[in-house]
Amino acid sequence: MINNLFLSSSVACVTDGPGRKDEIERAKSEGKDLTKEEKQRLRKEKKQQKKSKEKKDDKASQENEKEKKPVTSAAPASQPPTKPTMQKAPSAVPATAPVSVPASEASGPADKPAKTKAELKAERRARQEAERASKQNKKGETGQQATTSKPKAPPSDLQPVVKRLPEHIQVDNPDVLKKLAKKLERQQTPEHYAAKKIPLRLDYGYKVSLFSHLHQYSRKAPLTQQLSIPSTVIHPAIVRLGLQYSHGIVAGSNARSVALLHAFKQVIRDYTTPPNEELSRDLVNKLKPYISFLNQCRPLSASMGNAIKYIKKEISNIPSNCKEEEAKSKLLNDIESYINEKIILAGVAIAKCAIEKQKISDGDVILVYGCSSLVNHILCEAFEKSRKFRVIVVDSRPRLEGKEALRRLVQKGISCTYVLISAVSYILPEVSKVFLGAHALLANGYVMSRVGTSQIALVAKAFNVPVLVCCETYKFCDRVQTDSFVSNELDDPDDLIVTRKGTTPLEGWQNESSLGLLNLVYDVTPPDFVDLVITELGMIPCTSVPVVLRVKNVDQ
Amino acid sequence: GYNMKLVEYFRDQMRKDPDMASAVAAIRTLLEFLKRDKGETILGLRESLTSATDCLTGVDSSVAVSSGGELFLRFISLTSLEHQDLSRCKKVMEERGELFLEKISMSRTKVAKLCHTFIKDGAKILTHSYSRVVLRVLEKAAAEKKRFSVYVTESQPDAAGQHMAEALRKLNVPVTVVLDAAVGYVLEKVDLVIVGAEGVVESGGIINKIGTYQMALCSKAHNKPFYVVAESFKFVRLYPLNQQDVPEKFKYKADTLKTAKNLSEEHPIIDYTPPSLITLLFTDLGVLTPSAVSDELIKLYL
């Protein structure tokens, strides 16, 4: 179809004389503008076309197909934003003139459905060119051009930029859910269609109204049950990882990031570039469904988000002339060095900093909450450097992670005390320092950590006990949050149910209309309660997090 | 032998110009040491400078001397990366050292220029002990024909407050000396509190003569602004969490550290004021809030 058009248009070029020259030149200058604006517009068109195509797949109407085809074939024709565009555009302009004549002739006597495909296409082209030309004459208009298929108001420069909420906190909005389902459907290799796609995980149970904008999944219904076997869309290592996440087998910020990176290493090892594709682009597209799948199993943490950003950047930075084996080994090395530098060595540096700068001195009574791999590492290191201190481990339901921390510390030989969080105000007068781990550090200095952390920081402040947060810099994120409601994670509400002596009082909680169970995972601590943050770059006050982010961005 | 000469030179500098900050004297001494150094390698130079700084802190154990020495050392290490030839390197270091000294000799004037506008006509100011920077600020305010009166704490054990009162009387500023214990009593009459600092720490807090922390706590309770004036060479890479966390080598005088058998029986001469009690810091880098100090330190040291 396209070739025919060009042949006819090139013939038209030869026959028409110098009168067309200025038109061609105008089209050439337009051709340059065509690139960005045209690309944007046509991409939007394509998306819309695909959507309408899917909707009308059942009702296959000829008319709609005819309508779509001219536009879709016109779209790829102008898409490559290189020199060919400029050559095509001027050839298209004179083509419209001779072709529009027969089209207008045809439109006169004939009815709409009787038009041939070529005529419709030519008509459409003519309209587009005319519109483009008229828009070009009026200066100061922005690039968006109203297409005939879907009339849109062109956005002007004066309209304020509308900030959109991220999708994961709009669960109570049905449109967003539909969009998410569609997105998951579309993230698949083109060969496999309907059957093998990433399933949408359904929410479970009654959600407390303040948190109804978040997902709440049940552990008894893992996403993997809905996957077909064999799942050719998702790599088995990723399926295993997703299951480990959703069941809490792999838990903790560092552990999840390291597991993710190892799984991605396996994916890269098993990856082969399909023919006519570039590794740098195809691999990133391959990773997208995996990330959506993992997100459905358990929402991604800030550290995982940063790791994924790094991997995507490394992949897209691979030069196109690089051989596949080289590229793969380079990527594997990059991931290995990321794990080594940002997680392992950072932990060593933080421990060294904490010990050398006398933050753990003899006779200290240190309070820790839950199980943070970094804090445990620091305490073990300090104990090895023969500092005399004792530890108070605070724990809370339903996760009871403190038991794991207690086990690790006692194994080293550190003398520990174990209390539940309800006893924190009782035990705090004995405490000289509080060490807390962090899940993420937000750009306004707030610390996002396991639920209960902010409570401990608050009580410690009331008792004038210094609070130290230990956090590697790869957990710093650009987000800003001032409360724990806006963005959080809701765990399985059934975890809160406890069975004692054979009776489970909350067994029928779903039947009670006014009863809701809330199992929050994270909370945010304001920077006024935190005295010091120890990172591998040194000791900084909580308010200096944006400085570190700025320095990091400059480095990159 | 070499160390003795160093100490002599340092003491000499302090005697010649009593108005000079001890950190500046230390840096001047180190610069002189650099000029006289006969070492052959950069590493050797750095080592000898470190030992010289340690020696100086043995004479004057204040935070300022240690911070000045550290700044000079860092500044030297940065220069050493640029040139390969040692003698040319040393020449550049000496030139830059002189430039550095010139710059920091202007810092008190800069601070005074920034701070005097915060003293309104008819203000009553409370200050603590003897601080040359605060004196310079009050001089500038008096020169701008502002009328104000000053309350100075006596500041035992060395009664440095009396010294401050003398200096202020020479400027014809009405001054009252109060007991250290009378800070809470006098605060209701006072409009603002200005103190100097011996060291400014990474958190934005300050280390200053004992009694400053008390004064800061009382000002917070009375909702009076608590201002600190300090030059930028006093910024030090410490991060104390509480009073106990301040290293002992700063808490006591140098001779006490050497001779005392049991330090717990000695009286500390400095204390730490946390950043939550400080309203603003006036430095030659500008007027900073306590949280901005960390930003400036990162720029200075990294």
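All figures in this text were calculated on a predicted structure; none of them were measured in a lab. (Residues numbered from 1 in each chain as written. Chains lettered and ligands numbered in written order. Predicted model: local features only at pLDDT ≥ 70, side-chain atom pairs only at ≥ 80, totals over all residues. Heavy atoms only, no water.)

Undergrad: Can you tell me about the overall build of chain B, naming the residues and giving the values?
TA: In terms of helices and strands, chain B carries 13 helices and 10 strands. The C-alpha radius of gyration computed for chain B amounts to 20 Å, which stays within 12% of the reference 19 Å derived for 302 residues, consistent with globular compactness. Seen through its principal axes, chain B has C-alpha atoms that stretch 60 × 45 × 35 Å. Burial analysis of chain B (302 residues in total) assigns 53% to the buried set. Pairs at least 24 apart in sequence give 74% of the contacts found in chain B among residues at least 6 apart. (Helix = DSSP H or I, 4+ residues; strand = E, 2+ residues; numbered from the N terminus. Rg over C-alpha atoms; globule rule 2.2 N^0.38 Å. Buried < 20%, exposed > 50% of the residue type's maximum accessible area, 1.4 Å probe, protein only. Contact = heavy atoms within 4.5 Å.)

Undergrad: Now, about the domain arrangement of chain B: what can you tell me, with residues and values included?
TA: All names here are of chain B. Partitioning chain B into structural domains gives domain 1 (2-105) and domain 2 (111-301). Distance between the C-alpha centres of domain 1 and domain 2: 27 Å. In this assembly, 22 residues from domain 1 lie in contact with 21 residues from domain 2. Carbon and sulfur atoms supply 59% of the area that domain 1 and domain 2 bury against each other, a total of about 1,600 Å² over both sides. Run the count over domain 1 and domain 2 and you get 0 salt bridges. At the junction of domain 1 and domain 2, the tally comes to 4 residue pairs in polar contact (both at pLDDT 80 or more). Residue assignment for the side of domain 1 that touches domain 2 shows that the elements contributing at least two residues are helix H2 (22-36), helix H3 (42-59) and helix H4 (63-80). For the side of domain 1 that touches domain 2, the leading source of residues is H4, giving 8 residues. Of the residues in the side of domain 1 that touches domain 2, the class split is 10 nonpolar, 8 polar and 4 charged. (Domains from an automatic or database assignment. Buried area = accessible area lost by both parts, 1.4 Å probe. Salt bridge = Lys/Arg side-chain N within 4 Å of Asp/Glu carboxyl O. Polar contact = N/O pair within 3.5 Å; in protein donor to acceptor, adjacent residues only side chain to side chain. Nonpolar A, V, L, I, M, F, W, Y, C, P; charged D, E, K, R; others polar.)

Undergrad: Can you explain the domain arrangement of chain A? Please cite residues and give values.
TA: Residue and element names in this part refer to chain A. Per the domain assignment, the segments of chain A are domain 1 (224-344) and domain 2 (359-484 + 520-555). On a C-alpha basis, the centroid separation for the pair domain 1 and domain 2 is 29 Å. Summed over both partners, the interface of domain 1 with domain 2 comes to about 1,000 Å²; 43% of that surface belongs to carbon and sulfur atoms. The largest share of the area that domain 1 buries against domain 2 comes from Asn 254, Ala 302 and Lys 342, three residues that together contribute 40% of it. Between the two partners, domain 1 and domain 2, sit 0 salt bridges.

Undergrad: Tell me about the confidence of the model for chain A, residues and numbers included.
TA: Residues and elements named next belong to chain A. Looking at chain A, the pLDDT average stands at 78 and 74% of residues meet or exceed 70. Across residues 1-19, confidence stays below pLDDT 50; counting only partners more than four residues off in sequence or on other chains, it has 13 contacts. Below a pLDDT of 50 lies the segment residues 189-195, which in the model reaches 3 contacts outside its immediate sequence neighbourhood of four places, other chains included. (pLDDT = per-residue confidence, 0-100.)

Undergrad: Tell me about the interface of chain B and chain A, residues and numbers included.
TA: Counting from both sides, the interface comprises 10 residues of chain B and, opposite them, 14 residues of chain A. Between chain B and chain A, the buried area comes to about 1,100 Å², and carbon and sulfur atoms account for 55% of it. The largest contributions to the chain B side of the interface with chain A come from Tyr 239, Leu 241 and Ile 298 of chain B, which together make up 50% of the buried area. Residue Arg 550 of chain A pairs with Asp 295 of chain B through a salt bridge whose shortest N-O separation is 3.3 Å.

Undergrad: An account of the sheet that holds strand E8 (residues 270-273) of chain B is needed here, citing residue identities and associated values.
TA: All names here are of chain B. A sheet is described by the order of its strands in space; here 3 strands give the open sequence E5-E6-E8, paired in antiparallel fashion. On the outer flanks of this sheet lie strand E5 (199-200) and E8, each paired with one strand and no other. Relative to strand E6 (residues 206-209), E5 runs antiparallel, the two sharing 2 bridges. Bridge pairing links Val 200 to Ile 206 in E6. (Pairing = 2+ DSSP bridges.)

Undergrad: Give me the lowdown on helix H11 (residues 324-356) of chain A, citing residues and values where you can.
TA: All names here are of chain A. For H11, with 33 residues, the first-to-last C-alpha span of 46 Å sits near the 48 Å given by 1.5 Å per residue. Along its length, H11 shows its largest kink, about 35°, at Ala 346. Directly beyond the C-terminal end of H11, a positive phi value near 60° is found at Gln 358. (Expected span 1.5 Å × (residues − 1). Bend = angle between axes of the 7 residues up to and from the residue.)

Undergrad: Describe in detail the side chain of Ser 396 of chain A, supporting the description with residues and values.
TA: Residues and elements named next belong to chain A. Its location among the elements puts Ser 396 in the loop between strand E2 (389-395) and helix H13 (402-412). A polar contact is formed between the side chain of Ser 396 and the side chain of Tyr 369, at a distance of 2.8 Å. Residue contacts for Ser 396: discarding those within four places in its chain leaves Tyr 369 and Ile 421.

Undergrad: I'd like a description of the packing of aromatic side chains, backed by residues and values.
TA: Residue and element names in this part refer to chain B. All told, the structure shown has 7 aromatic pairs over all chains when counted by the stated rule. Plain terms: the ring middles of Tyr 227 and Phe 282 are 5.4 Å apart, the flat faces sit at 80° to each other, and that makes the pair edge-to-face. Residue Tyr 227 is located in strand E7 (residues 226-229), and its partner Phe 282 is located in strand E9 (residues 280-283); the two are separated by 55 residues in the primary sequence. The class of Phe 282 is buried, set by a relative accessible area of 0%. (Phe/Tyr/Trp six-rings, centres within 6.5 Å; stacked < 30°, edge-to-face > 60°.)

Undergrad: Explain the packing of helix H5 (residues 86-105) of chain B against helix H6 (residues 107-115) of chain B residue by residue, including any values.
TA: The packing of two helices is summarised by the inter-axis angle and the distance between the axes. Residues and elements named next belong to chain B. Axis separation between H5 and H6 bottoms out at 4 Å; the angle between their running directions is 30°. Classified by the angle between their axes, H5 and H6 sit roughly parallel to one another. Contacts between H5 and H6 involve Lys 103, Ile 104 and Ser 105 on the former and, on the latter, Ser 107, Arg 108 and Thr 109. Residues that form the contact of H5 with H6 fall into these classes: 1 nonpolar, 3 polar and 2 charged. (Axes fitted to C-alpha atoms, helices over the stretch in contact; angles between N-to-C directions. Parallel < 35°, antiparallel > 145°, perpendicular 65-115°, else oblique.)

Undergrad: Requested: an account of the sheet that holds strand E5 (residues 440-441) of chain A, with residues and values cited.
TA: Residue and element names in this part refer to chain A. Strand order in the open sheet formed by 3 strands is E5-E6-E8, and the pairing between neighbours is antiparallel. Only two strands of the sheet have a single partner each, and these edge strands are E5 and strand E8 (522-525). By the bridge criterion, 2 bridges tie E5 to strand E6 (residues 447-450) in an arrangement that is antiparallel. Its bridge partner lying in E6, Ala 440 is registered against Met 448.

Undergrad: Break down unusual backbone geometry for me, with residues and values.
TA: Looking along the chain, the bond that leaves Arg 397 of chain A and enters Pro 398 of chain A is cis, with omega of -5°. Topologically, Pro 398 of chain A is positioned in the loop between E2 and H13. Across the junction of Gln 156 of chain B and Pro 157 of chain B, the peptide omega takes the value 10°, indicating a cis bond. Looking at the element boundaries, Pro 157 of chain B is found in the loop between strand E2 (148-153) and helix H8 (160-170).

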